[in-house]
Amino acid sequence: MSSTYKIITYGCQMNVHESEKIAGMLESEGLTPAEEAEIADVIVLNTCCVRESAETRVLGNLGILKKAKERKPDMKIIVCGCMTQAEGVAEKLKKRCPFINAIIGTHNLNKIPVLLRAYDKKTQIEITEEQGINEKIPIARTSGINAWVNIMYGCNNFCSYCIVPYVRGRERSREKKNIISDVKQLINDGYKQITLLGQNVNSYGNDLNGKTENFPSLLRDLSALDGKFRIKFMTSHPKDILIETADAIAESDKLSRFVHMPAQSGSDRILRLMNRKYTSAEYLAKIDMLKSKLPDVGLSGDIMVGFPTETEDDFSDTLKIVTATEYNNLYTFIYSRRSGTPAAVMEGQVPISDKKRRIRELIDLQFAIGNRLAEKCVGNTYEVLCTEYKNGKIIGETNCGKAVTLAGNKELIGKFINVRITENKNSKLYGVNTL
Ligand code: SAH
Ligand code: SF4
Ligand code: F3S
C-alpha cells in the first residue's frame, strides 16, 4: 500500500493554493491523500502568522500531532508556510517540538520531495532569504471548477502592522507568457473560473524588465482567450488600482465585476501610521471610479479595528468609510500585535475590551449595509456560474461576486445560467434558473 499524506492549511488563498502545490509534489512522489491526519504517513502543516490567533492554532495542532506520532512513530511531520519564515521561529519550533521532521521556509517549498527522501531523525531546517519563482512545481487542484493562478509573489508595501513582506519577500511577477499558457491549459482542462492571486495584483509587472507589462494589459490578454470562463483576482491595493483596470473589466464579459479592495481604516491619521499611502478621500475616489465604470460592481474589503492609538473618533471615521463604500462583504479584524513589525512597538496599544466593542459595532453596521444591498438585488437577473452542490441545492456566483442558492441538480456545476433573484434572507440570496 502506498504512503498517505494530509495537509493542514492555515491563512489566506495564497496558502490554500500553495497547499495544492505541496499535494502535487507529494503525489508525484507516489503518496496518496489520507482520510484523516491521525493515520497519515506524512503530515504537512502549511502555516500562517498574520495574526496571533493563526499561530496559536498551529501550536495547538502540533500538540495533538505529537500524541498522534507517539502512537505512530514513523509518521513524518513537516511544518512550512509563513510562520516558519518569521525571524527565529524555526529554531524555536525545533527546540520546542523536536518531533517535527522538517521545517521549510516559504522560498524552499520545492525542497519537500528531497527532504522526504533524505529523511533524518533530527529536525531539519530549510530556510533561505533567496527569493525566486519556481515555475515547475506540479499542482494537485482541489477547488472544483475554480483554479488559482499566482501572477506574482511577495509584497513591497510594508504596511506597519503586517508580517507578510517579511515572510514572503519582495514582489516578483511571473512572466506574462507563463501565466497565459497556464490559464489556456486550465480552460482546456475544463476549469470555469480562474482566480489570479497576488498580495497586490495592481503592481503586477512593475518588477519585470522595462516595466513592459501591467495588470490591465494582463487582464485584457487573458479575456481575449477562447472559451467560456470567468476571471477573478485579488487583492487590489487602493493606492495602485488603475482606471485602466476598471476599463478592462467593463469591456469584457469574462472578467468578474468584483473587486476586493481593503481600506483597513477610515481615519487619515491611522492610515498614515499604517503606512497605507492613501487618505480616506483618495480611497473613496477610487470606489467612486469603480462604481461609475462598473455600475453593478460587487465590493469587498478588509477593515481592522484597534490599531495602536485608534480613538473613538478614528473609529467613527472607519464606520463612515464603510457606510460610504457599501461593501457586499467585509472581512473584519481585531488588530493583533505582530512582533517584527513597526506597529508592534508603537505606543498606545488599544485595550482588548475597546477592540471587541468596536468590532461588534462594525459587524452590526456591515450586516445592515450588506442586507440592504442584498435586498436591492431581489427581482434582478444575473449570469451565475454554478460552483457547488450542497444539501440538494446549487450554489453559484453572480458576475459581480454575489453568492446565490437555487434549486438544481449536480449536472449544473460548471455551467453559466441566468438566475432571477427571488428572495433575500439575512443577506443570503436565493434565486431561480430562468433558462
Ligand atoms: N495584501 C492584502 C492583505 C493580506 S493580509 C492587502 O493589502 O489588503 C489579510 C488581512 O489581514 C489584511 O488586509 C489585514 O486587514 C489583516 N491583517 C494583517 N496584519 C494584521 C494584524 N497584525 N492584525 C490584524 N489583522 C491583520
Ligand atoms: Fe500586508 Fe500591506 Fe502587503 Fe497587504 S499590502 S500584504 S497588508 S504589507
Ligand atoms: Fe497568507 Fe498568512 Fe502568509 S495571510 S501570506 S498565509 S502570513
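Above this text you will find the structure in question.
A brief look at the structure comes next.

Cut-off values and rules
- Residues numbered from 1 in each chain as written.
- Chains lettered and ligands numbered in written order.
- Predicted model: local features only at pLDDT ≥ 70, side-chain atom pairs only at ≥ 80, totals over all residues.
- Heavy atoms only, no water.
- Near = heavy atom within 4 Å.
- Areas by Shrake-Rupley, 256 points an atom, 1.4 Å probe, with all protein chains shown as cover.
- Helix = DSSP H or I, 4+ residues; strand = E, 2+ residues; numbered from the N terminus.
- Nonpolar A, V, L, I, M, F, W, Y, C, P; charged D, E, K, R; others polar.
- Pairing = 2+ DSSP bridges.
- Axes fitted to C-alpha atoms, helices over the stretch in contact; angles between N-to-C directions.
- Contact = heavy atoms within 4.5 Å.
- Parallel < 35°, antiparallel > 145°, perpendicular 65-115°, else oblique.

Next up on the list: the site of ligand 1. Residues in close proximity to ligand 1 total 15 residues, the closest being Arg51, Gln199, Gln264, Asp302 and Ser336. Alone, ligand 1 offers 540 Å² of accessible surface; in the complex the protein occludes 90% of this. Every element with two or more residues in the shell around ligand 1 is listed here: strand E13 (298–305) and strand E14 (329–334). Within the shell around ligand 1, the residues separate by chemical class into seven nonpolar, four polar and four charged.

To continue, consider the site of ligand 2. Residues in contact with ligand 2, as listed here, are Cys155, Asn157, Phe158, Cys159, Tyr161, Cys162, Val164, Pro165, Gln199, His237 and Arg276. Looking at the shell around ligand 2, its residues break down into seven nonpolar, three polar and one charged.

The next subject is the pairing of strand E15 (residues 381–390). The pairing of E15 with strand E18 (residues 416–425) spans five bridges and is antiparallel. Looking at E18, one finds that threonine 381 is bridged to arginine 420. Sheet topology places E15 next to strand E16 (residues 393–398); six bridges connect them, and they run antiparallel. Bridging across to E16, lysine 390 finds its partner in lysine 393. Connecting E15 to the antiparallel partner E16 that follows it, the hairpin turn spans two residues, and asparagine 391 within it adopts a positive phi of roughly 50 degrees.

Turning next to the sheet that holds E13. Taken in spatial order, the three strands line up as E12-E13-E14 in an open sheet, and their pairing is parallel. Of all strands in the sheet, those bounded by a partner on one side alone are strand E12 (258–260) and E14. Here the average twist between neighbouring strands, direction ignored, is 10 degrees. Helix H13 (residues 352–377) rests against E13 and E14 of the sheet, and its axis sits at about 175 degrees to E14.

Looking now at the environment of leucine 218. Considering the arrangement of structural elements, one finds leucine 218 in helix H8 (residues 215–223). For the pair formed by leucine 218 and leucine 255, sequence separation is 37 residues and the distance between their alpha carbons is 12 Å. Apart from the residues within four sequence positions on either side, leucine 218 is in contact with Ile151, Lys176, Ile179 and Tyr204.

Right, let's get into the packing of helix H11 (residues 280–293) against helix H12 (residues 312–325). Following both chains from N to C, one finds H11 and H12 inclined at 10 degrees, their axes separated by 10 Å at the closest point. Relative to H12, the element H11 is oriented roughly parallel. Between H11, through Ser280, Tyr283, Leu284, Ile287 and Lys291, and H12, the contact on the second element is made entirely by Ile321, Ala324 and Thr325. Classifying every residue of the contact of H11 with H12 by side-chain character gives five nonpolar, two polar and one charged.

Attention now moves to the sheet that holds strand E7 (residues 146–150). One open sheet holds the three strands; their spatial order is E7-E10-E11, and the pairing between them is parallel. Whereas interior strands pair on both sides, the edge strands pair on one side only; in this sheet they are E7 and strand E11 (230–234). Each adjacent strand pair in this sheet contributes to an overall mean axis angle of 25 degrees, direction not counted. Bridge count for strand E10 (residues 193–197) against E11 is five bridges, and the pairing is parallel. Across the sheet, residue threonine 195 finds its bridge partner in E11, namely lysine 232. Each of E7, E10 and E11 is contacted by helix H1 (residues 13–28), which is oriented at about 100 degrees to E7, the strand it contacts most.

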